[in-house]
Amino acid sequence: MTDLSKTPAAAPAKDGAFLSVRDLKVHFSTSDGIVKATDGLSFDLERGKTLGIVGESGSGKSVSSSAIMGLHRGTNAILSGEIMLDGVDLLKVSNEEMRKRRGRDVAMIFQDPLSAMHPYYTVGNQIMEAYQVHNNVTKREARKRAIEMLDRVGIPQPDRRVDDYPHQFSGGMRQRAMIAMGLINNPSLLIADEPTTALDVTVQAQILDLLQDLQRDFDAAIIIITHDLGVVAEMADDVLVMYAGRAVEYGPGKEILTNPEMPYTWGLLSSVPDLTASTEAKLIPIRGNPPSLLNPPPGCAFEPRCDHVAKVGGDLCRTTLPALTPANSGGYHTKRCHIKNADEVYEAEILPEIAPDLVED
Amino acid sequence: MVAYIIRRVIVGLLMLVAMSFIVFALFMKNPVDPAQFSCGKNCPPERIEETRVALGYDQPLLVQWGAFAKGVVVGREYPANEKMREANPELVTECAAPCLGYSQQLQMTVNDEIKEAAPISISIAMVAVLIWVIFGVLFGVLAAVFKGTLVDRGVVGATLFLYAFPTFFVGALLINFVAIKWGLFPSPGYVPIAEGGIGQWFVQLLLPGFTLAVVYMAGYVRMTRAFVLESMSEDYIRTAKSKGVKSPKVLFKHGLRAALTPLVTMFGLDFAAVLGGAIITEQVFNYYGLGKLAVTANNNYDLPTIVGLVLLLGGLVILANIIVDILYAFIDPRVRVA
């Protein structure tokens, strides 16, 4: 299907994956120029597996997932590349075809379930709508199905709560209802855009548990977008770290979290507080701000904020965008960085700073 | 909910009481002698005094207001002075509750004046509302849907163009061209339903109705456009789209529903305001509605009529506010529960 030789930067080669995104670009043309919100993103995902996309706000996480949902259609966004879902390129299907797939094959749940639900319609009404759009059923059947789904996601007294309005639900219940809405058509791909960000910590864990539980039942592929590495550690089989619209590190979740080879990932890890860490461990924020996507740096987008430029030598970081190349740890772990011995640098410099107790004496 | 409505009605009534006192004091206690004006020009001093007593203007302000307020509740008789009524029983005018006063100039109660004028104003208002709500919302939605295109710019530009015309100019233009020169419409004149049937009543109201509607329509196009654009950029619209809902349904079921709330507020207040008479439109088309009545009363310094009209209009606005608040509860479930 996909000729990978054409896109050498898109290294991961797992042929015939259930979802296969190749060189996805989402550009917005504005009066100030072209904003490259997503610039050449590639990844694969199998059914029953979870991909975590991590990155700061504005790194292109949500824009990319909206592209998979086809939500950029009818806007000024310019899309290119390939989004193969079960052998069909979602960028090539007609608007009507895409609409039919939306909610049926690909579903999405959003960050803030209060604003993501219509305040004037009951929760049941909104869940029923998701079902009725794709299934020719009576209202009564749809309602029965909505109650079943609410029950499945753990809403107590679903037959009564189905007639409640979103504001009568708690934050966690609203997100459960959103998940019920997303899964009611048994989609093969569920995109969760920061599903726990707006929730209490205790509720966050419940929602993640629920998602994992449902994933087993429905055998869905899940893309979970987050800036919380804790969520990634909990959920993701694969991790994609995004920076300035590009993948900067991609690979198995465990590899990324334990042997990261890209300074931006190091920065993300250093910024996470760890409950069990010794008090000597430092919390080091990444200095500076993400670059403008209108005028990205000519070389490595992370170069202006990177503390390790000196290790590369010369002007390489400032002038040349590093390609996504296989990491030293092997497998399909790839990174976008000029530092040759990144794994050694991490062991020697970063790990002692953030997790002194992990360093073997 | 019931408690809420009762509370709103009580507050509304209290506002009316306060408003009536302020209006009454403002109009009756000013440098101009109301008796002088009620009596007319070239009125001999003893007639002025007689008028003063007949209308109760010789009493202290609070007593006058008390009599007025009592008249509103249980009705009253004119002349206000009891001795005068006993002396000339044949001159006594009955003013049933809610009595808003007696106009010496027009020799009739304010209630009767309003009873004559109100149907005309209400008719114009209804036709105008029909025109401006239908076209205002329609064009507003159209402009929002085709945002940034020629349709959008055309609609917004055209409404702005019409909006820039003063009402009296639009009215005069319509009379001159549409009615007189081209003869598309009969020359304007109010025909009650009882006389000409609903068809003629409606046709005769189209020109003044449209004239009145033009200004409001421009506002409604702009507002509807803004409200729809705002609600279409909400997160729940993205949710509806990602469910696979068809775009017309996304617009009408999800988008327009949310834009309805602010529109209803605007509509309630505007409708109350035009019910109270369209001063310029009625003047241009020579319809003797509440607006023209107000103008005439103003020119003649007919204070009781002015006080009555101001109170009527104020009452309408307060009533409209209460109705809008109750409507809110039906539109927005969050209000219903709170």
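**Things to note about the overall build of chain B**
Moving on, step 1. Each helix and strand in chain B was counted, giving 15 helices and four strands.
Moving on, step 2. The long-range fraction of contacts in chain B, counting pairs at least 24 apart against all pairs at least 6 apart in sequence, stands at 66%.

**A short note on the interface of chain B and chain A**
Interface size is often expressed as the accessible area that is lost when the parts come together.
Moving on, step 1. At the interface, 18 residues of chain B touch 24 residues of chain A.
Moving on, step 2. Broken down by secondary-structure element, the contributors of at least two residues to the side of chain B that touches chain A are α10 (235-242), α11 (247-275) and α15 (333-337) of chain B.
Moving on, step 3. Ranked by residue count, the leading element in the side of chain B that touches chain A is α10(B), at six residues.
Moving on, step 4. Of the residues belonging to the side of chain B that touches chain A, the class tally is five nonpolar, four polar and nine charged.

**Re the packing of helix α6 (residues 110-145) of chain B against helix α9 (residues 193-232) of chain B**
All names here are of chain B.
Moving on, step 1. Interhelical geometry of α6 versus α9 gives an angle of 35° and a closest axis separation of 5 Å. Here α6 and α9 pass one another in a crossing that is right-handed.
Moving on, step 2. Residue classes in the contact of α6 with α9 are distributed as 28 nonpolar, five polar and one charged.

**Describing helix α1 (residues 61-69) of chain A**
Residues three or four positions apart in an α-helix share a direction because the helix packs 3.6 residues into each turn.
Moving on, step 1. Of all nine residues making up α1(A), nine are buried, and the element is well covered by its neighbours.
Moving on, step 2. Downstream of α1(A) by a residue or two, A:Gly70 has a phi angle that is positive, lying close to 75°.

**Focus on the sheet that holds strand β1 (residues 19-30) of chain A**
Residues and elements named next belong to chain A.
Moving on, step 1. What the four strands build is an open sheet, ordered β2-β1-β4-β5; its pairing is antiparallel. This sheet does not close on itself; its edge strands, each paired only once, are β2 (33-45) and β5 (88-89).
Moving on, step 2. In this sheet, β5 lies alongside strand β4 (residues 77-85) in antiparallel orientation, the contact comprising two bridges. Opposite Met 84, over in β5, you have Asp 89 as the bridge partner.

**Concerning unusual backbone geometry**
Moving on, step 1. Backbone torsion omega between B:Tyr78 and B:Pro79 reads 0°, so that peptide bond is classified as cis.
Moving on, step 2. In this chain, B:Ala97 is followed by B:Pro98 through a cis amide linkage whose omega measures -5°.
Moving on, step 3. The residue B:Pro98 is located in the loop between β2 (93-95) and β3 (102-103) in this model.
Moving on, step 4. Its identity as a non-glycine residue notwithstanding, A:Gln157 has a phi of 50°, on the positive side.
Moving on, step 5. Tracing the sequence through the fold places A:Gln157 in the loop between α5 (139-152) and α6 (158-161).

**Some remarks on the sheet that holds strand β12 (residues 334-335) of chain A**
All names here are of chain A.
Moving on, step 1. The sheet built from eight strands is open, its strands ordered β6-β7-β8-β3-β9-β10-β12-β11 with mixed pairing. Among the strands making up the open sheet, the edge pair consists of β6 (106-109) and β11 (325-326).
Moving on, step 2. Two elements, strand β9 (residues 238-243) and strand β10 (residues 246-252), share six bridges in a ladder whose sense is antiparallel. Note on β10: the bridge partner recorded for Val 239 is Gly 251.
Moving on, step 3. In this fold helix α7 (residues 171-183) packs onto β6 and β7 (189-193), with an angle of close to 170° to the strand it touches most, β6.

**Focus: the confidence of the model for chain B**
Moving on, step 1. Of the residues in chain B, 99% reach a pLDDT of 70 or more, and the chain-wide mean stands at 87.
Moving on, step 2. In the predicted assembly, ipTM is 0.85 and pTM is 0.81.

**As for the packing of α9(B) against α11(B)**
Residue and element names in this part refer to chain B.
Moving on, step 1. It is the contact of α9 with α11, at a shortest axis distance of 8 Å, that shows an interaxial angle of 155°. Taken as axis vectors, α9 and α11 run roughly antiparallel relative to one another. Two packed elements cross with a definite hand, and for α9 against α11 that hand is right-handed. For the pair formed by α9 and α11, the contact residues are Leu 212, Tyr 216, Met 223, Thr 224, Phe 227, Val 228, Ser 231 and Met 232 on the first element and Gly 255, Leu 256, Ala 258, Ala 259, Pro 262, Leu 263, Met 266, Asp 270 and Val 274 on the second.
Moving on, step 2. Split into classes, the residues belonging to the contact of α9 with α11 amount to 13 nonpolar, three polar and one charged.

**Thoughts on the pairing of β1(A)**
Residue and element names in this part refer to chain A.
Moving on, step 1. Where β1 lies against β4, eight bridges are found, and the strand directions are antiparallel. Its bridge partner lying in β4, Lys 25 is registered against Ser 80.
Moving on, step 2. Counted along the chain from β1 to the antiparallel partner β2, the turn is two residues long.

**Thoughts on the nonpolar core**
Moving on, step 1. Core analysis: the biggest nonpolar cluster contains 101 residues, and A:Ile127, A:Ala180 and A:Val241 have the highest contact counts within it.
Moving on, step 2. In terms of residues, this core owes the most to one element, α7(A), which gives seven residues.
Moving on, step 3. Setting aside its immediate chain neighbours within four residues, A:Val241 contacts A:Val54, A:Gly55, A:Ala247, A:Val248, A:Glu249, A:Ile256, A:Met262, A:Tyr264 and A:Thr265.
Moving on, step 4. Counting residues in each nonpolar core, the second largest holds 72 residues, with B:Cys39, B:Ile131, B:Val221 and B:Ala278 among its members.

**What to know about the pairing of β10(A)**
All names here are of chain A.
Moving on, step 1. Burial analysis of β10 places six of its seven residues in the buried class, which makes it a mostly covered element.
Moving on, step 2. The turn joining β9 and β10, which pair antiparallel and follow one another in sequence, is formed by two residues; a positive phi near 50° is taken by Ala 244.
Moving on, step 3. Here β10 pairs with β12 via two bridges, running antiparallel. Across the sheet, residue Tyr 250 finds its bridge partner in β12, namely Thr 334.

**A closer look at the environment of B:Gly209**
Residue and element names in this part refer to chain B.
Moving on, step 1. Looking at the secondary structure, you find Gly 209 in helix α9.
Moving on, step 2. Taking the C-beta count within 10 Å as the criterion, Gly 209 has 24 such neighbours and is therefore assigned buried.
Moving on, step 3. When the C-alpha positions of Gly 209 and Pro 31 are compared, they lie 39 Å apart, and in sequence the two are 178 residues distant.
Moving on, step 4. Apart from the residues within four sequence positions on either side, Gly 209 is in contact with Ile 124, Val 127, Ala 128 and Ile 131.

**Some words on the confidence of the model for chain A**
Residues and elements named next belong to chain A.
Moving on, step 1. Predicted confidence across chain A gives a mean pLDDT of 88, with 94% of residues reaching 70 or more.
Moving on, step 2. Element-level mean pLDDT values for chain A span from 84 in helix α13 (residues 342-354) up to 96 in helix α4 (residues 123-134).
Moving on, step 3. Segment residues 1-14 is flagged for pLDDT under 50; beyond a separation of four residues in sequence, or across chains, it makes 28 contacts in the model.

**Section: the environment of A:Ala342**
Residue and element names in this part refer to chain A.
Moving on, step 1. Among the structural elements, Ala 342 can be located in helix α13.
Moving on, step 2. Residue class for Ala 342 comes out buried when judged on the 25 C-beta atoms lying within 10 Å of it.
Moving on, step 3. Expressed as a C-alpha distance, the spacing of Ala 342 and Glu 261, which sit 81 residues apart in the sequence, is 5.0 Å.
Moving on, step 4. In this structure Ala 342 touches Glu 261, Met 262, Asn 328, Lys 335 and Cys 337, once residues within four positions along its chain are discounted.

Parameters and conventions
Residues numbered from 1 in each chain as written. Chains lettered and ligands numbered in written order. Predicted model: local features only at pLDDT ≥ 70, side-chain atom pairs only at ≥ 80, totals over all residues. Helix = DSSP H or I, 4+ residues; strand = E, 2+ residues; numbered from the N terminus. Contact = placed C-beta atoms within 7 Å. Nonpolar A, V, L, I, M, F, W, Y, C, P; charged D, E, K, R; others polar. Axes fitted to C-alpha atoms, helices over the stretch in contact; angles between N-to-C directions. Left-handed = near helix turned anticlockwise from the far one by under 90°. Buried ≥ 20, exposed ≤ 12 C-beta atoms within 10 Å, placed from the backbone. Pairing = 2+ DSSP bridges. pLDDT = per-residue confidence, 0-100. Parallel < 35°, antiparallel > 145°, perpendicular 65-115°, else oblique. Core = buried A, V, L, I, M, F, W, Y, C linked by C-beta atoms within 7 Å.

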